[in-house]
Amino acid sequence: MLRSSSLRLPLHHGNDNDNNNNHRLPTEQHHRLLQSFNLPFELKQLHAHLIKTRLPLTLLPLTRVASVSALTPSFSYAQTIFERVEKPEIYLWNSCLKALAEGDCPNDAVLLFYQLRKFGVFPDSFTLSFVLKACLRLLDVGNGRIVHGYVEKLGLSSNLFLQNTIVHLYASCGEMADAWLLFDKMSDRDVVTWNIMITQLIKRDDIEGACGLFSQMPERNLRSWTLMIAGCVQCGKPKEAIRLFLELEKAGLKPNEVTVVAVLSACADLGDLHLGRRIHEYSTRSGFGRNVRVSNTLIDMFIKCGCLEEAQGVFNEMKERTVVSWSAMIQGLAMHGKAEEALKLFSKMIRVGVKPNWVTFLGLLHACSHMGLVEEGRKFFTSMTRDYGIVPKIEHYGSLVDLLSRAGLLQEAHEFIKNMPIKPNGVVWGALLGGCKVHKNIELAEEAIKHLSELDPLNDGYYVVLSNIYAEAERWEDAARVRKLMRDRGVKKTPGASSITVDGTVHEFVAGDESHPQATKIFETWDRLVEKMKLMGYVPNTSVVLLDIEEAEKERFLYRHSEKLAVVFGLISTPARTPIRIMKNLRVCEDCHEAFKLISTIGNREIVVRDRNRFHCFKDGSCSCRDYW
Ligand code: ZN
Ligand code: ZN
C-alpha cells in the first residue's frame, strides 16, 4: 500500500474510453512518479508496486536507486535490484560516487568506497579515481594512501590518470617526498604530471626547483608556460616572467587569458609599458577585452606604468566592472594626485550600486592624503565602518596618520596613534615622522624614532629622515649622533635604484653607477644640463647627502643619484618630446624632484617617476604632486 500521495501510481494503463491524448498520460505520469522518491522507504514502496503491477524493474532510475541507498542500511537492498538488471553494478555506484566526490560532502564518497568494499563490490579505475578526487578535496592523505594501495593491488599502476591524481594528492598534502618517489617511479609521465609538480613547487615558493623541472620537460603545453610565468611574478622575478613570455611566443603558442593576466602583472612590476601595450593590443584582438580579470590587470598595469589615460580608456571600455576595477581606478587617480577625480569616481561607483571594499577606502584616503583634504579624509575613515561595516586595517590607520601629519596636525596624529585599537606599526610611526620633517617638529620626530627603532631597527630611511631634521635645524651634533648610530647598528643605506625601458629593454641604474655602456655620454649630458639648470636658479640640495664628506664631493654624489642617471639616459636615447618613464625603488629625493622640474622645461619633456609611494609627473617646470608628497 502506498502511503505517500505523491507516489500514488495509476493501477491501470488507460481504459476503453481513453482518446489518444489521454493514452500517453499514464506513462508520463509513471515516469514522473518514478523520479520522485527521495528516501529508502519510498524506494521500497515503488519497488513493491512495480512487482505487483508486473512492470519491469528497469523502469526505476537506477543511478537514483544507488544514490538513495548508498550510505544507508538499504545498500544490500539496492544490490538486489541491481542483480536483476544488465548493467554492471559498479557502473551505477560509480555515478553515485562521482556525484558525492564533486558535491558538498566529499567525505561521503570515502564512506561509500568503504561500503562498496564491505559488500564485496569490485572497484574499477573509475571508482578509484572518484574516491581519490574526494581525498584530494579533503586533503585526506591517510585514506589516499589506502586507495593508492588498491591501485597497486589491482594492477592499475600504469593508469596515468590515477597516478597523476595520487602524485597530486601527496604533493597537495605536503608529502613531497612521497610525491617525488612516485614521480620518479612512474614509467610514463605526461605534461599533466609535470605541471602538477611545477604547481606544487611554486606554491612552496620554490621557483628554482620549478625552473629546474620546467627545463627538463620533454613537452610543454600552454599551462606549463603560464604556471611558470605566474610563478616568477609571485616570487618577485618579473624580468624572468617576461623572458619566459617572449620565449613562449617564439615557440608559437597562443597565450590565453590566464597567461595574459600573469605577464601583465610582470609588466606592471617592471614598468614595462612597451610589452604592456603590445599585450593590450593582443588581448583586444583575441577578444579577451570582455574578461574582467584581464581588464582589471590592464588598468593596474597602465596605472603602475604611469599612463593614467590609458587605464581610464580600459576602464571606460569595460561592459562589466567589479569593485576591483573601481578601486584600481580610484587608487590610480590618487597616486597621480588627482584627488577630486578620485572622489568623483567614488560617488559614481556608489550611484551605480557597487559596494566599496577596504581597498576602495585605502584609495580614497590616499587621494585625500596626497592633496591635503583633511576633512574629507576624516569623513571617509568614519563612513567606512559606520556605513559599510568595514573594520579599518593597519593600512587605513597609516593612511589617516599620513593625512594628518602632512597637513601639520601633528599633535592630533600623535593622539590618534596612541588611541589606535591595534598596535601601530612602522608605517604608522613613519608617517608621523614624515610629517615632523615637513613641519619641523623635532620633539615628535624623536618620539616617532623611539618606536621605529624598536619596530623596524634596520630600516635606514627613518634615520636618514631624522638626521635631515636635525641638519635643517642646524643641530649638527645630533645629526652626527644619528649617523653614528646608523653605523653602530649596522644600518646600511639601501642603494637607490632606478630603471627605464627603452625599446623593450630595461636599463637599471644604481646610485653612483658608472657601469652603463653609455656612462660617459650620460655624464657629459648631465654636466651640460646642470649648467643650464643653475642659470635657472638650481642650487644642489646637499642636505640629502648624509656622508661626512666635503661639500664638492657631496655634489658629485648628488649628481649620480640613480633617478638622475635614468632620466639623462632617457633624454639621450628616446626621440624628442616622448615622455620619459622612470621607476625608483625608494622615495624620490628632494634634490632630484627639483632637478626634474627644471629638466622637464629645458628638455621639453614629460617625466613620469614612479617611486615607492606614488607618481610624480613633471611637466613644464612643475610636478603633478604640487610638491605635496
Ligand atoms: Zn635624488
Ligand atoms: Zn612630485
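All of these numbers come straight from a predicted model, not from anything done at the bench.

A. Layout of the environment of T520. Within the secondary structure layout, T520 lies in helix α29 (residues 519-535). On the basis of relative accessibility, which here comes to 54%, the residue T520 falls in the exposed class. Each C-alpha atom, one on T520 and one on M329, is 41 Å from the other, the two residues being 191 residues apart in sequence.

B. Examining the coordination of the zinc ion (ligand 2) more closely. Those donors, H593 (NE2), H616 (ND1), C623 (SG) and C625 (SG), are the protein atoms that reach the zinc ion (ligand 2), and they lie 1.9 to 2.3 Å from it. Geometry at the zinc ion (ligand 2) is tetrahedral, judged from its four donor atoms and the angles of 104 to 116° they form at the metal. Sequence spacing of the donors to the zinc ion (ligand 2): H-x22-H-x6-C-x1-C. Here C623 falls in the buried class, since its relative accessible area comes to 7%.

C. Molecular detail of helix α6 (residues 106-118). Its 13 residues place the ends of α6 19 Å apart at the C-alpha level, agreeing with the 18 Å of an ideal helix rising 1.5 Å per residue. When α6 is considered as a whole, its buried residues turn out to be P106, A109, V110, L112, F113, Q115 and L116. Against α4 (75-83), α5 (89-102), α7 (125-138) and α8 (141-153) lie the buried residues of α6. Positive backbone phi, at 70°, marks G120, one or two positions downstream of α6.

D. Fine view of unusual backbone geometry. Despite not being glycine, L139 shows a phi value in the positive range, around 50°. With respect to the helices and strands, the residue L139 is situated in the loop between α7 and α8. When its relative accessible area of 49% is taken as the criterion, L139 is described as partly exposed. The phi torsion at D620 lies on the positive side, around 45°, for a residue other than glycine. Take D620: it is sitting in the loop between β5 (615-619) and β6 (622-623).

E. Summary view of the side chain of S224. Residue position: S224 is located in helix α13 (residues 222-234). Within the local environment of S224, its side chain forms a polar contact with the side chain of N195, the two groups lying 2.9 Å apart. Excluding anything up to four places from it in sequence, S224 contacts V191, N195, F214 and M217.

F. Geometry of the pattern of salt bridges. As enumerated under the stated definition, the model contains 28 salt bridges in all. Notably, a salt bridge pairs K304 with D300, separated by 3.3 Å at the nearest N-O pair. With K304 and D300 both in helix α17 (residues 292-304) and four residues apart, the pair spans about one turn of that helix. The partly exposed category is assigned to D300, whose relative accessible area is 27%. Its salt-bridge partner being E375, residue R378 comes within 2.5 Å of it at the nearest N-O pair. Remark: E375 and R378 occur in helix α22 (residues 374-388); sequence separation between them is three residues, near one turn of the helix. In this structure R378 comes out as partly exposed when scored by relative accessible area, which is 25%. Taking the relative accessible area as the measure of exposure, E375 reaches 44% and is therefore partly exposed.

G. Local environment of the sheet that holds strand β2 (residues 505-510). Read across the open sheet, the six strands follow the order β2-β1-β3-β4-β5-β6; overall the sheet is mixed. At either margin of the open sheet sits one strand with a lone partner, and together these are β2 and β6. Alignment of strand β1 (residues 497-502) against β2, held across six bridges, turns out to be antiparallel. The residue bridging T501 from the neighbouring strand is V506, located in β2.

What counts, and at which threshold
Residues numbered from 1 in each chain as written. Chains lettered and ligands numbered in written order. Predicted model: local features only at pLDDT ≥ 70, side-chain atom pairs only at ≥ 80, totals over all residues. Heavy atoms only, no water. Helix = DSSP H or I, 4+ residues; strand = E, 2+ residues; numbered from the N terminus. Buried < 20%, exposed > 50% of the residue type's maximum accessible area, 1.4 Å probe, protein only. Donors = N, O, S within 2.8 Å, 3.2 Å for Na, K, Ca; no water. Tetrahedral: all angles 85-135°; square planar, octahedral: opposite > 155°, others 65-115°. Expected span 1.5 Å × (residues − 1). Contact = heavy atoms within 4.5 Å. Polar contact = N/O pair within 3.5 Å; in protein donor to acceptor, adjacent residues only side chain to side chain. Salt bridge = Lys/Arg side-chain N within 4 Å of Asp/Glu carboxyl O. Pairing = 2+ DSSP bridges.

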